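Single-letter residue listing:
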4 protein chains.
Amino acid sequence: MIQNDTYRPKRRLRLAPAQRVPQILDAALQEFSRRGFTAARMDDIAQRCGLSKGGLYAHFDSKDAIFKALLDRTLNRTDWAQMPQLAAGAGTRALAEWTVDRLHAALLAPDVITLLRLLIPERERVPMRVDEWKKLTHGHTQQVMQVIQKNLEASGRKDTVLARHPWLVLSPIVHVLLWHTVFGEGGEPDPHYRQAHIDMLCELLA
Amino acid sequence: MIQNDTYRPKRRLRLAPAQRVPQILDAALQEFSRRGFTAARMDDIAQRCGLSKGGLYAHFDSKDAIFKALLDRTLNRTDWAQMPQLAAGAGTRALAEWTVDRLHAALLAPDVITLLRLLIPERERVPMRVDEWKKLTHGHTQQVMQVIQKNLEASGRKDTVLARHPWLVLSPIVHVLLWHTVFGEGGEPDPHYRQAHIDMLCELLA
Amino acid sequence: MIQNDTYRPKRRLRLAPAQRVPQILDAALQEFSRRGFTAARMDDIAQRCGLSKGGLYAHFDSKDAIFKALLDRTLNRTDWAQMPQLAAGAGTRALAEWTVDRLHAALLAPDVITLLRLLIPERERVPMRVDEWKKLTHGHTQQVMQVIQKNLEASGRKDTVLARHPWLVLSPIVHVLLWHTVFGEGGEPDPHYRQAHIDMLCELLA
Amino acid sequence: MIQNDTYRPKRRLRLAPAQRVPQILDAALQEFSRRGFTAARMDDIAQRCGLSKGGLYAHFDSKDAIFKALLDRTLNRTDWAQMPQLAAGAGTRALAEWTVDRLHAALLAPDVITLLRLLIPERERVPMRVDEWKKLTHGHTQQVMQVIQKNLEASGRKDTVLARHPWLVLSPIVHVLLWHTVFGEGGEPDPHYRQAHIDMLCELLA
DNA sequence: TATGAATGAGGCTTCATTCAT
DNA sequence: AATGAATGAAGCCTCATTCAT
């Protein structure tokens with residue numbers, strides 16, 4: 001018997017969770033970083049990954065669950081830890097270039113900016129994730145700073161600023177990072193910021 | 001139903017707009033920076049300044065109007081432009097100290113951090129205000145950079161990194177600013193960041 | 001002691017109720033007929049008569065009180081009853097012209113249209129006032145119909161339609177009245193509706 | 001954000017839009033004509049069609065959208081245009097009866113009265129819909145007037161009032177329409193208004 | 001009388017979540 | 001796994017009314 005007085009929904013493409021979940025997280029990342037967690041709508045996330053609102057709930061229990069899964073995925077990216085080593089005995093400029101390029105890869109990745117935009121307004125909601133991120137980036141940049149410090153010690157220059165305050169090595173690129181985070185891709189403080197950073201390190205290492 | 005002697009009619013203090021509006025903006029700033037624009041509730045803003053929800057609407061047409069008025073007020077603070085001049089003929093270290101202290105006053109003020117936290121998630125809603133802020137801070141730090149550049153030119157050192165990329169002067173403090181913005185007052189990359197910044201400038205100016 | 005931290009309102013023109021009340025009722029009539037009772041705002045009524053919102057409450061206890069006072073005033077207009085008498089022994093055409101002009105004065109007055117627009121949506125709120133209005137207009141048009149009937153009887157034509165259904169005398173002008181009420185002043189079914197009405201009566205009286 | 005684990009919504013019938021939308025419009029028509037657009041509450045409309053307040057928004061974007069859809073539906077009723085033709089060679093009285101019955105069907109339908117009551121207070125909000133209605137009724141009555149005019153021309157009576165001002169044909173029934181609109185079903189100016197109208201037309205056509 | 005800031009109930013609308021299909 | 005109509009809590013905003021001035 002045909003029941004045309006009750007509702008019969010359309011059926012669309014059916015994907016396995018392994019395919020769908022990353023799509024959802026991608027969509028969520030964009031919506032969250034664009035409008036903030038609260039203002040982002042499940043509808044928009046769904047639409048962005050070609051799903052209906054209810055479809056999200058086949059994979060996640062709540063908006064909050066998406067948010068947490070998103071942080072998990074982003075913070076557990078293993079490739080963040082992969083870093084080519086510097087050839088031993090490299091010169092000062094080579095050291096500076098290696099340093100800046102490593103930092104660039106680590107801190108100016110689009111993901112980092114997006115995550116930063118996401119974490120800043122929500123840092124009180126998820127302080128533990130902020131801590132995770134702190135450790136991650138810290139551990140990451142720590143490697144760079146250690147290479148610098150070893151190099152300085154090897155050349156007997158324990159009294160430089162960089163030796164005493166190794167975080168200064170990061171400052172120019174963090175400066176650019178904040179710029180991007182606030183003002184978008186449109187402009188850096190200096191389009192030649194890579195060269196500026198390298199030059200600065202050279203002067204401080206010399 | 002109220003029928004005991006603990007009943008106190010709601011106090012209805014009437015203030016002129018000139019008094020009330022700043023109170024509302026203060027309350028809004030706190031709520032907005034605590035929870036973000038979207039998640040902040042008119043009820044909370046009202047309560048924070050001792051007003052009822054509807055009372056806000058005697059002074060502002062909408063939540064959005066409050067937000068914009070708030071940005072206007074913060075961005076039009078004249079005291080941002082006030083900066084003591086550096087005594088002529090000061091030495092390198094004095095120059096560095098003056099520079100760092102000026103930048104600290106300008107960029108590490110609580111207002112700046114609060115505004116930054118507010119603008120990042122809302123930058124797409126109020127792009128013009130973001131531009132205003134960009135110009136403001138740019139014009140502001142420009143003064144510091146000019147003092148540095150003049151000093152370098154005066155001593156014939158046109159070829160330093162700072163001469164070519166004066167924005168590097170700001171980087172350490174911007175680094176700390178981002179740190180505060182994300183991680184709160186809890187920790188800087190280095191508690192002696194002022195000394196680090198000064199030392200760095202001394203090395204680069206020497 | 002000067003209290004400049006509390007609010008001190010401006011003082012404006014102070015009128016006696018005898019002046020102010022009619023102004024308020026005029027303003028209310030316009031707002032009510034323009035937007036309906038519910039949608040009309042006290043603010044708009046106040047502004048339309050150069051008063052502040054609270055000022056209305058010095059004269060009326062509530063919006064409803066204004067509405068009722070308005071109906072009272074409009075329905076009690078004595079001038080509605082004033083009607084020049086027709087010279088005895090006038091011809092058919094003179095009778096028709098007198099009739100149409102009387103009806104025009106009574107039914108196409110701006111007040112009537114405005115009141116009609118007001119009563120139609122609110123007729124369930126104030127059924128007694130609708131009845132009053134019914135009696136008023138009925139009593140009013142009754143006079144016209146009586147003149148017609150007497151004339152028909154005098155000429156021995158008791159069997160005409162108009163003699164049996166004297167309300168038909170009003171129909172053309174009521175037709176125009178409804179037109180105005182719905183479509184505004186912009187257009188009648190016929191710009192020569194007066195002539196049409198007179199001609200119709202002449203034919204029916206002949 | 002709702003994070004209550006004991007949340008259990010009431011279960012209700014799910015209907016396809018094709019079923020639900022007419023129900024909503026029916027409910028809206030009743031509420032709007034009972035209380036006027038502004039005073040009608042979404043809650044009441046929802047309840048009247050067995051829906052929750054928010055459920056309406058799955059089908060309509062706003063209260064205004066419901067109002068406009070309602071006008072669309074009512075104004076697009078095709079059966080308004082359907083009219084039986086008059087047998088050729090009918091006598092004067094037959095012509096008058098046909099005319100009055102057609103007009104009665106067209107203008108005294110409950111829908112028309114309801115729509116009229118609705119449009120009068122909202123005519124400034126939806127002037128275009130008022131125009132539509134004007135055209136509809138005009139086109140409709142135009143047919144009646146044309147039949148009358150042809151008949152008059154056929155009998156060589158081009159100089160009658162009805163020939164010059166055909167809208168007078170409608171006047172008695174418009175009179176009754178306004179009466180109903182204002183005073184409800186309770187009473188016409190004359191319970192034999194159909195006979196009166198027919199008689200009047202006979203006299204004017206004779 | 002008059003002002004207009006303030007109140008608070010009430011309405012419109014949004015949106016995370018549910019669930020029959 | 002997916003749809004989308006439906007729910008209901010919660011937020012924004014309106015506006016009649018009050019009241020300190």
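Residues numbered from 1 in each chain as written. Chains lettered and ligands numbered in written order. Predicted model: local features only at pLDDT ≥ 70, side-chain atom pairs only at ≥ 80, totals over all residues. Heavy atoms only, no water.

If you check an unreviewed UniProt entry, chain A appears there as TetR/AcrR family transcriptional regulator from Comamonas nitrativorans.

Visitor: When you look at the interface of chain C and chain D in this model, what are you seeing that I'm missing?
Guide: The partner chain D presents 40 residues to the 40 residues of chain C that form the contact. Where chain C abuts chain D, roughly 4000 Å² becomes buried across the two surfaces, and 71% of that area is made up of carbon and sulfur atoms. Joining chain C to chain D, the criterion identifies three salt bridges. In this structure, the salt-bridge partner of C:Asp199 is D:Arg164, at a minimum N-O distance of 2.7 Å. Put simply, chain C and chain D have 11 residue pairs in polar contact (both at pLDDT 80 or more) between them. Within the residue set of the side of chain C that touches chain D, elements represented by two or more residues are helix H1 (17-35), helix H6 (110-122), helix H7 (127-154), helix H8 (161-164), helix H9 (171-183) and helix H10 (193-205) of chain C. Looking at the side of chain C that touches chain D, the element that brings in the most residues is H9(C), giving 11 residues. Grouping the amino acids of the side of chain C that touches chain D by side-chain chemistry returns 23 nonpolar, eight polar and nine charged. (Contact = heavy atoms within 4.5 Å. Buried area = accessible area lost by both parts, 1.4 Å probe. Salt bridge = Lys/Arg side-chain N within 4 Å of Asp/Glu carboxyl O. Polar contact = N/O pair within 3.5 Å; in protein donor to acceptor, adjacent residues only side chain to side chain. Helix = DSSP H or I, 4+ residues; strand = E, 2+ residues; numbered from the N terminus. Nonpolar A, V, L, I, M, F, W, Y, C, P; charged D, E, K, R; others polar.)

Visitor: Just to check I follow, could you spell out the domain arrangement of chain A for this structure?
Guide: A common way to state how big an interface is: give the accessible area lost once the parts meet. Residue and element names in this part refer to chain A. Taken domain by domain, chain A holds domain 1 (17-75) and domain 2 (78-205). Taken over C-alpha atoms, the centre of domain 1 sits 30 Å from the centre of domain 2. Counting from both sides, the interface comprises 14 residues of domain 1 and, opposite them, 13 residues of domain 2. Here domain 1 packs against domain 2, burying approximately 1300 Å² in sum over the two surfaces, 70% of which is carbon and sulfur. (Domains from an automatic or database assignment.)

Visitor: I keep staring at helix H5 (residues 110-122) of chain B and nothing clicks. Help me out?
Guide: Along an α-helix, residues three or four positions apart point the same way, because every turn accommodates 3.6 residues. Residues and elements named next belong to chain B. Taking 1.5 Å of rise per residue, 13 residues should cover 18 Å, and H5 covers 19 Å from first to last C-alpha, within 8% of that figure. Across the 13 residues that make up H5, a large majority, 11, are buried. All buried positions along H5 are accounted for by Val112, Ile113, Thr114, Leu115, Leu116, Arg117, Leu118, Leu119, Ile120, Pro121 and Glu122. (Expected span 1.5 Å × (residues − 1). Buried < 20%, exposed > 50% of the residue type's maximum accessible area, 1.4 Å probe, protein only.)

Visitor: Where do I start with the environment of D:Ala106 in this structure?
Guide: All names here are of chain D. Relative to the helices and strands, Ala106 is located in helix H4 (residues 92-107). Judged by relative accessible area, which is 12%, Ala106 ranks as buried. In sequence terms Ala106 and Thr141 are 35 residues apart; their C-alpha atoms lie 8.2 Å from each other. What Ala106 contacts, discounting residues up to four positions off in sequence, is Val112 and His140.

Visitor: I would appreciate a short explanation of the UniProt feature "DNA-binding region" (unreviewed entry) in chain A in the present structure.
Guide: Following the UniProt record, the feature "DNA-binding region" (unreviewed entry) maps to residues 41-60 of chain A here. Here residues 41-60 of chain A is 55% helix and 0% strand, with 14 Å between the C-alpha atoms at its ends. (UniProt positions renumbered as here; feature names shortened; annotations may be inferred.)

Visitor: What is the right way to read the relation of the copies chain C and chain D from this model?
Guide: The operation linking the two copies of the chain is a rotation about an axis combined with a translation along the axis. Least-squares fitting of chain C to chain D yields an RMSD of 0.6 Å, with the transformation described by 0.3 Å of translation along the axis and a rotation of 179 degrees. Here the symmetry operator amounts to a two-fold rotation axis. Of the C-alpha atoms belonging to chain C, the one lying closest to the rotation axis is found on C:Ser171, 2.6 Å away. Comparing contact sets, 100% of the residues at the interface of chain C also lie at the interface in chain D, consistent with an isologous, same-surface contact. (Least-squares fit on C-alpha atoms with pLDDT ≥ 70 in both.)

Visitor: How should the confidence of the model for chain A be read in this particular structure?
Guide: One rule of thumb: low pLDDT means the predicted coordinates there are not for detailed reading. On average, residues of chain A score 87 in pLDDT, and 90% of them reach the 70 mark or higher. For chain A, helix H7 (residues 127-154) of chain A is the element with the lowest average pLDDT, namely 86, and helix H2 (residues 42-48) of chain A is the one with the highest, namely 97. (pLDDT = per-residue confidence, 0-100.)

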